[in-house]
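Listed below are the residues making up each chain.
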Amino acid sequence: MKQKIQDLLLEIENFNAKSLDEVEKFRIKFLGSKGIIKDLFNDFKSVDVSLKKEIGQALNQLRKEATEKVNALKEALEDQKQEEKKYGDLTRPAEPLDLGSRHPISIVKNQILEIFSRIGFTVSEGPEIEDDWHNFTALNLPEYHPARDMQDTFFIETDPDILLRTHTSSVQVRYMENHKPPIRTVSPGRVFRNEDISARAHCIFHQVEGLYIDTDVSFADLKQTLLYFTKEMFGKSKIRLRPSYFPFTEPSAEVDIYWGLETETDYKITKGTGWLEIMGCGMVDPNVLKNANIDAEKYSGFAFGMGIERIAMLLYQIPDIRMFYENDVRFLDQFKSVI
Ligand code: PHE
């Protein structure tokens, strides 16, 4: 009997359970009313008197060990259950991470800046609330100049000197005031015009304007730079420059790229001509250089400016400019895969 008790003690010590069910089975086996220990106590009655003390103690020890084991296992398993309630199943796969996406305006803006950075243009930025000098006067648009009406302006309160910039050419003026030639800079930013909102136009949009000033800069340099840009940006290598007018450049031109007429969409967006206007440009008017204290005898330069929305609409075939500002996630989600 002594041996049997020893064996059972060992069995109890080694027992482990994964569920409360298993603990309960163990309890019934050892401590139940028809369990092993009960049987042993029954057998104990017939144990020789000389052994009674020793075996009695061993039996009590066995019952104690079994009870403690049951209690300990129960406690541990109940704790675990609580934890599971708190954290759920810790072995399940993680929730998929919902990655955000870049706004198409940012994607296109970064592309444009990256293309110009490869040929030495740095990025410059300036304030959205401007004064008359930087937005108009310094750009060869004195007060009462009729060309001011080309860009309907939002003024701040009643002060006619403070306004929301109508183009980022204002940044170029600031840049010229603070840097000596050679200058190579692109100025991205938000601009504001008091225009009726439609599928093609908005009162807020984004531009990237470029400025290049050095000795001996010619119209040919401008054309090569634009050709490089259109090749990199659109993969198209045919452009044409149509004479145009901007107060700050002379001569001035509109840049068209040959988009082609391969698909029905091509016909639609180019109105059947194959050509698409994408930006304005020209040789910086000497008056503008003088206004920024740059020696117009020594230096010349070119400038260009384009609307980011227009280009993004082209590249992604977005039919309505208002989609950029509504921030409908169903629209924005579609740009997920683009870096
Ligand atoms: N500032 C002009 C605009 O907003 C664009 C432009 C920039 C044209 C530079 C010529 C030269 O429309």
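Just so we're clear, the structure is a prediction, and the values are computed from it rather than from any experiment. (Residues numbered from 1 in each chain as written. Predicted model: local features only at pLDDT ≥ 70, side-chain atom pairs only at ≥ 80, totals over all residues. Heavy atoms only, no water.)

1. Observations concerning the side chain of Ser-252
Here is step 1 of the chain: Structurally, the position occupied by Ser-252 is in strand 8 (residues 249-258).
Here is step 2 of the chain: Taking relative accessible area as the criterion, Ser-252 reaches 7% and is therefore assigned buried.
Here is step 3 of the chain: Separated by 2.7 Å, the side chains of Ser-252 and Thr-249 make a polar contact.
Here is step 4 of the chain: Beyond its immediate sequence surroundings of up to four residues, Ser-252 is in contact with Arg-242, Pro-243, Ser-244, Tyr-245, Phe-246, Cys-281 and Gly-282. (Helix = DSSP H or I, 4+ residues; strand = E, 2+ residues; numbered from the N terminus. Buried < 20%, exposed > 50% of the residue type's maximum accessible area, 1.4 Å probe, protein only. Polar contact = N/O pair within 3.5 Å; in protein donor to acceptor, adjacent residues only side chain to side chain. Contact = heavy atoms within 4.5 Å.)

2. What about the nonpolar core?
Here is step 1 of the chain: Within the largest apolar cluster, 41 residues are counted, with the highest numbers of intra-cluster contacts made by Ile-112, Phe-229, Phe-234, Phe-304 and Met-306.
Here is step 2 of the chain: Looking at this core, the elements that each hand over two or more residues are helix 5 (104-117), helix 8 (219-234), strand 8, strand 9 (275-284), strand 10 (300-307), helix 11 (308-316) and helix 13 (329-332).
Here is step 3 of the chain: When residues of this core are assigned to their parent elements, the largest contribution, seven residues, is made by helix 5.
Here is step 4 of the chain: Not counting residues within four places of it along the chain, the set of residues in contact with Phe-229 comprises Ile-112, Ile-115, Phe-116, Phe-234, Met-279 and Met-306.
Here is step 5 of the chain: By size, the runner-up hydrophobic cluster in this structure holds 21 residues, among which are Met-176, Ile-183, Phe-246 and Ala-303. (Core = buried A, V, L, I, M, F, W, Y, C linked by side-chain atoms within 4.5 Å.)

3. What to know about a negative patch on the surface
Here is step 1 of the chain: A cluster of acidic residues, Glu-75, Glu-78, Asp-79, Glu-83, Glu-84 and Asp-89, forms a negative patch on the protein surface.
Here is step 2 of the chain: Relative to the elements of secondary structure, Asp-89 occurs in the loop between helix 4 (49-87) and helix 5.
Here is step 3 of the chain: For Asp-89, a relative accessible area of 43% puts it in the partly exposed group. (Patch = residues over 30% accessible without salt bridge, like charges linked within 9 Å, V, L, I, M, F, W, Y side chains within 5 Å. Areas by Shrake-Rupley, 256 points an atom, 1.4 Å probe, with all protein chains shown as cover. Salt bridge = Lys/Arg side-chain N within 4 Å of Asp/Glu carboxyl O. Lys, Arg positive; Asp, Glu negative; His and termini not counted. Charge placed at Lys NZ, Arg CZ, Asp CG, Glu CD.)

4. So, the pairing of strand 4 (residues 159-164)
Here is step 1 of the chain: Bridge analysis of strand 2 (residues 129-131) against strand 4 gives three bridges, and the strand direction is antiparallel. Residue Glu-130 lies in a different strand from strand 4, and its bridge partner there is Leu-163.
Here is step 2 of the chain: Turn length for the strand 3 (residues 155-156)-strand 4 hairpin, with the two strands adjacent in sequence and antiparallel, is two residues, and the turn residue Glu-157 shows positive phi of about 50°. (Pairing = 2+ DSSP bridges.)

5. Structural notes on the sheet that holds strand 4
Here is step 1 of the chain: Reading across the sheet, the three strands line up as 2-4-3 and stay open at both edges, with antiparallel pairing between neighbours. Of all the strands in the sheet, the pair left with one neighbour each is strand 2 and strand 3.

6. Side note on the domain arrangement of the protein chain
Here is step 1 of the chain: Each assigned domain of the protein chain is listed here: domain 1 (2-87) and domain 2 (104-229 + 283-335).
Here is step 2 of the chain: Between domain 1 and domain 2, the C-alpha centre-to-centre distance is 85 Å. (Domains from an automatic or database assignment.)

7. Topic: the packing of aromatic side chains
Geometrically, a pair of aromatic rings is defined through the distance of the ring centres and the angle of the planes.
Here is step 1 of the chain: Taken as a whole and judged by the stated rule, the model has 17 aromatic pairs.
Here is step 2 of the chain: Considering the side-chain rings of Phe-116 and Phe-304, the 5.0 Å spacing of their centres and the 25° angle between planes classify their relative orientation as stacked. In this pair, Phe-116 sits in helix 5 while Phe-304 sits in strand 10, placing the two residues 188 residues apart along the sequence.
Here is step 3 of the chain: With a relative accessible area of 0%, Phe-116 lands in the buried category.
Here is step 4 of the chain: On the basis of an interplanar angle of 75° and a centroid distance of 6.2 Å, the ring pair of Phe-324 and Phe-331 is categorised as edge-to-face. Here Phe-324 and Phe-331 have matching classes, each one buried.
Here is step 5 of the chain: Three or more aromatic residues joined by ring pairs form one cluster here, namely Phe-116, Phe-121, Tyr-212, Phe-229, Phe-234, Trp-259, Phe-302 and Phe-304.
Here is step 6 of the chain: The aromatic ring of Trp-259 is capped on one face by Lys-236, whose charged end is 4.6 Å from the ring centroid.
Here is step 7 of the chain: The side chain of Lys-238 reaches across the aromatic face of Tyr-258, ending 4.5 Å from its centre. (Phe/Tyr/Trp six-rings, centres within 6.5 Å; stacked < 30°, edge-to-face > 60°. Lys NZ or Arg CZ within 6 Å of the ring centre and 35° of its normal.)

8. As for the packing of helix 1 (residues 2-14) against helix 4
Here is step 1 of the chain: Where helix 1 contacts helix 4, the axes come no closer than 10 Å and their chain directions differ by 15°. On the basis of the axis angle, helix 1 is roughly parallel to helix 4. Note that helix 1 runs across helix 4; the crossing there is left-handed. Contact residues: Lys-2, Ile-5, Leu-8, Leu-9, Ile-12 and Glu-13 in helix 1; Glu-54, Ile-55, Ala-58, Leu-59, Leu-62, Glu-65, Ala-66 and Lys-69 in helix 4.
Here is step 2 of the chain: The residue inventory of the contact of helix 1 with helix 4, partitioned by class, reads nine nonpolar, no polar and five charged. (Axes fitted to C-alpha atoms, helices over the stretch in contact; angles between N-to-C directions. Parallel < 35°, antiparallel > 145°, perpendicular 65-115°, else oblique. Left-handed = near helix turned anticlockwise from the far one by under 90°. Nonpolar A, V, L, I, M, F, W, Y, C, P; charged D, E, K, R; others polar.)

9. Quick word on the site of the ligand
Here is step 1 of the chain: Within the structure, the ligand sits among 14 residues, and His-167, Ser-169, Arg-193, Gln-207 and Glu-209 are positioned closest to it.
Here is step 2 of the chain: Compared with its free state, where it exposes 330 Å², the ligand has 92% of that area covered by protein.
Here is step 3 of the chain: Listing elements by their share of the shell around the ligand, those giving two or more residues are strand 6 (204-214), strand 9 and strand 10.
Here is step 4 of the chain: Here the element with the most residues in the shell around the ligand is strand 10; it accounts for three residues.
Here is step 5 of the chain: Among the residues making up the shell around the ligand, the classes are represented as five nonpolar, seven polar and two charged. (Near = heavy atom within 4 Å.)

10. What about the sheet that holds strand 6?
Strand pairing in a sheet is mediated by backbone hydrogen bonds. Such pairs are either parallel or antiparallel.
Here is step 1 of the chain: Pairing in this open sheet of seven strands is mixed, and the strands run 1-5-6-10-9-8-7 from one edge to the other. Of all strands in the sheet, those bounded by a partner on one side alone are strand 1 (122-123) and strand 7 (239-246).
Here is step 2 of the chain: Examined bridge by bridge, strand 5 (residues 183-192) and strand 6 share ten bridges and lie antiparallel to one another. By the bridge assignment, Ser-187 is partnered in strand 6 with Glu-209.

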